[in-house]
Amino acid sequence: MMKHGATMRPTGRTAVVGAARPRATRTVVRMAAVSEATTGVKRNPNLAKLGAGYLFPEIGRRRREHQEKNPDAKIISLGIGDTTEPIPKVITDALQGAAAGLNTKEGYSGYGAEQGMGGLRDKLASRFYDGLGIGSDEVFVSDGSKCDISRMLMLFGSDTSIAVQDPAYPAYVDSSVIMGATGVLNEETSQYNNITYMNCLKENGFFPDLSKANKTDLIFFCNPNNPTGACATREQLQSLVDFAKANGSIIVYDAAYAIYIEDGSPKSIYEIEGADECCIETCSFSKYAGFTGVRLGWTVVPNKLKFSDGTPVNKDWNRIMTTCFNGASNIVQGGGLACVTDAGFDAMMGLVTYYKENCKLIRECFVEMGFEVYGGVNAPYVWVGFEGRPSWDVFAEILEKCDLVTTPGSGFGPSGEGFVRVSAFGNRSDVEEAIRRLKKVYGK
Ligand code: PL4
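Every value quoted in this text rests on a predicted model; they were computed, and no experiment measured them.

Conventions used here
Residues numbered from 1 in each chain as written. Predicted model: local features only at pLDDT ≥ 70, side-chain atom pairs only at ≥ 80, totals over all residues. Heavy atoms only, no water. Helix = DSSP H or I, 4+ residues; strand = E, 2+ residues; numbered from the N terminus. Near = heavy atom within 4 Å. Polar contact = N/O pair within 3.5 Å; in protein donor to acceptor, adjacent residues only side chain to side chain. Areas by Shrake-Rupley, 256 points an atom, 1.4 Å probe, with all protein chains shown as cover. Pairing = 2+ DSSP bridges. Axes fitted to C-alpha atoms, helices over the stretch in contact; angles between N-to-C directions. Contact = heavy atoms within 4.5 Å. Domains from an automatic or database assignment. Buried area = accessible area lost by both parts, 1.4 Å probe. Salt bridge = Lys/Arg side-chain N within 4 Å of Asp/Glu carboxyl O. Nonpolar A, V, L, I, M, F, W, Y, C, P; charged D, E, K, R; others polar. pLDDT = per-residue confidence, 0-100.

1. A short note on unusual backbone geometry
Excluding glycine, residues mostly have negative phi values, and the peptide bonds linking residues are mostly trans.
Part 1 of the argument: Here the bond from Asp166 into Pro167 is cis, since omega is 10°, no more than 30 degrees from zero.
Part 2 of the argument: Tracing the backbone through its elements, the reader meets Pro167 in the loop between β6 (162–166) and α6 (171–179).
Part 3 of the argument: Cis peptide bonds are those with omega within 30 degrees of zero, and the linkage from Asn223 to Pro224 qualifies with -5°.
Part 4 of the argument: With respect to the helices and strands, the residue Pro224 is situated in the loop between β10 (218–222) and α7 (234–247).
Part 5 of the argument: Here Arg295, not a glycine, exhibits a phi torsion of approximately 80°, which is positive.

Structure below.
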């Protein structure tokens, strides 16, 4: 059945059309391509619950559609948060060395430990959690945070209640739906039943009012936040940890952008007292070292964190990883070892500085044009308000008029309506050209 307020397009897709005032529209709804069955296998009903395609492929699809219609357009993407700058040589040298080693008797290795190379686990613990009481047996190397987030749903199972920041990186909600931990999509609110959406709005400084939040088993918390770019203070994080402890909840803390924090706020949740008893932290080299395509991340599961029956969560996470994962690539872990050296870390900070300069330019551009602008200081995303307008309409307009891809705020949850996210991961000349185009269309 077609969604309320939706129109069928000639392409066979449906799109939610702009209403008089913006309503919480999640994204384009595609009609399922239903045809004759070839098997008797029942479709996973949880997949049928998903109200829309995953946000980022949908953005890619719209970009391609725009390019097909406008073959000469030089489209710039500040949409999907994908890095553009080359990986520093100190790191690619290590990747090359690890690859070349495989050609020798001494350097060859086959399957490795599912939890990651011991040396890398040690170095991750000392580089990022020095003095925070995190040992290498609590650090699990992986092929990236997104993959760990999905595996985490497997760890907790479907009988788990969930809270998310709204707006937030869509993988938390979509993975929870697929795992069967949620109800169906409420078309009126664009929220899934049985998920607690913790509003993060400009009115509350993009930090949820915990006094209004339900008690849930899991709390997904992304800090600095994607997409708003907001970064929680130490006091806010302490209140979050206290809230989780009072409710017996586990926080899944996504620190994918922690390296971008520059104002002295905590970079790890384990800087907060009590966090090791209620928090899992996931992180990644994707936005640190330009490893979005290389794939390397890690997740920390402290030994002190226990389920209600006293079982260490670490023990079950180890079981999940050994069962569902065969270890990160040995070549890539070789690169990871370079990232955590002093030279590698300095090189990563060079990339961070580059993208932060982009943030500054993007922020200044929108501020100058009179928009409401958030983020872009402790995070590589700039969150721009287009008050009173549906995000997807703004996204379409910017694409149409500027040949520029952004990301519609409502794609991150209903509270993102009226905003677009602009990524700072472009290369400088693209960012400068994007600014020129934006100023032509929206400048005063
Ligand atoms: C597009 C808060 C980007 N196809 O690379 P990973 O798996 O180590 O990390 C993914 C990730 C984890 N946590 C947060 C993130 O924001 C991301 C990456 N998000 C974005 O534009 O929001 C890339 C998205 C990619 C995806 O679906 O992850």
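Back to the text.
2. What about the site of the ligand?
Part 1 of the argument: Near the ligand lie 20 residues; those nearest to it are Gly81, Tyr169, Tyr257, Ser284 and Ser286.
Part 2 of the argument: Here an oxygen atom of the ligand and a side-chain polar atom of Tyr257 are 2.5 Å apart.
Part 3 of the argument: Starting from 600 Å² of accessible surface for the ligand in isolation, the protein chains cover 88%.
Part 4 of the argument: Elements represented by at least two residues in the shell around the ligand include exactly α5 (145–156) and α8 (286–289).

3. Observations concerning the sheet that holds strand β13 (residues 297–300)
Part 1 of the argument: The strand order β5-β13-β12-β11-β10-β6-β9 describes an open sheet built from seven strands, whose pairing is mixed. Pairing within the sheet leaves two strands with one partner each, and these edge strands are β5 (139–142) and β9 (195–199). Within this sheet the neighbouring strands show an average axis-to-axis angle of 20°, counted without direction.
Part 2 of the argument: Looking at chain direction, β6 and β10 are connected through three bridges and run parallel. Of the residues in β10, the one forming a bridge with Val164 is Phe220.
Part 3 of the argument: Relative to strand β12 (residues 279–284), α5 is tilted by about 155°, and along the sheet it contacts β5, β6, β10, β11 (250–254), β12 and β13.

4. A look at the domain arrangement of the chain
Part 1 of the argument: Each domain of the chain was delimited in the assignment, giving domain 1 (54–85 + 345–442) and domain 2 (89–341).
Part 2 of the argument: Computed from C-alpha coordinates alone, the two centres of domain 1 and domain 2 are separated by 25 Å.
Part 3 of the argument: Taken together, the contacts link 32 residues of domain 1 with 41 residues of domain 2.
Part 4 of the argument: Contact between domain 1 and domain 2 buries roughly 2,900 Å² in total, counting both sides, with carbon and sulfur atoms accounting for 62%.
Part 5 of the argument: One salt bridge in this structure joins Glu387 and Lys202, with 3.2 Å as the shortest N-O distance.
Part 6 of the argument: Scanning the region where domain 1 abuts domain 2 turns up 16 residue pairs in polar contact (both at pLDDT 80 or more).
Part 7 of the argument: Elements supplying a minimum of two residues to the side of domain 1 that touches domain 2: α2 (55–69), α11 (342–368), β14 (372–375) and β15 (381–385).
Part 8 of the argument: Among the elements that line the side of domain 1 that touches domain 2, the one with the most residues is α11, at eight residues.
Part 9 of the argument: Of the residues belonging to the side of domain 1 that touches domain 2, the class tally is 19 nonpolar, eight polar and five charged.

5. Description of the sheet that holds β15
Part 1 of the argument: The strand order β14-β15-β18-β17 describes an open sheet built from four strands, whose pairing is antiparallel. Edge positions in the sheet fall to β14 and β17 (407–408), since each of these pairs with one other strand and no more.
Part 2 of the argument: When β17 meets strand β18 (residues 419–423), the two strands line up antiparallel, connected through two bridges. Paired with Thr407 across the strands is Arg421, a residue of β18.
Part 3 of the argument: Sheet strands touched by helix α12 (residues 391–402): β17 and β18. Its angle to β18, the strand with the most contacts, is close to 45°.

6. Quick notes on the confidence of the model for the chain
Part 1 of the argument: The share of residues in the chain with pLDDT of 70 or more is 93%, and the mean pLDDT across the chain is 93.
Part 2 of the argument: Residue range residues 1–31 is modelled with pLDDT below 50. Its contacts to residues more than four positions away, or to other chains, number 76 contacts.

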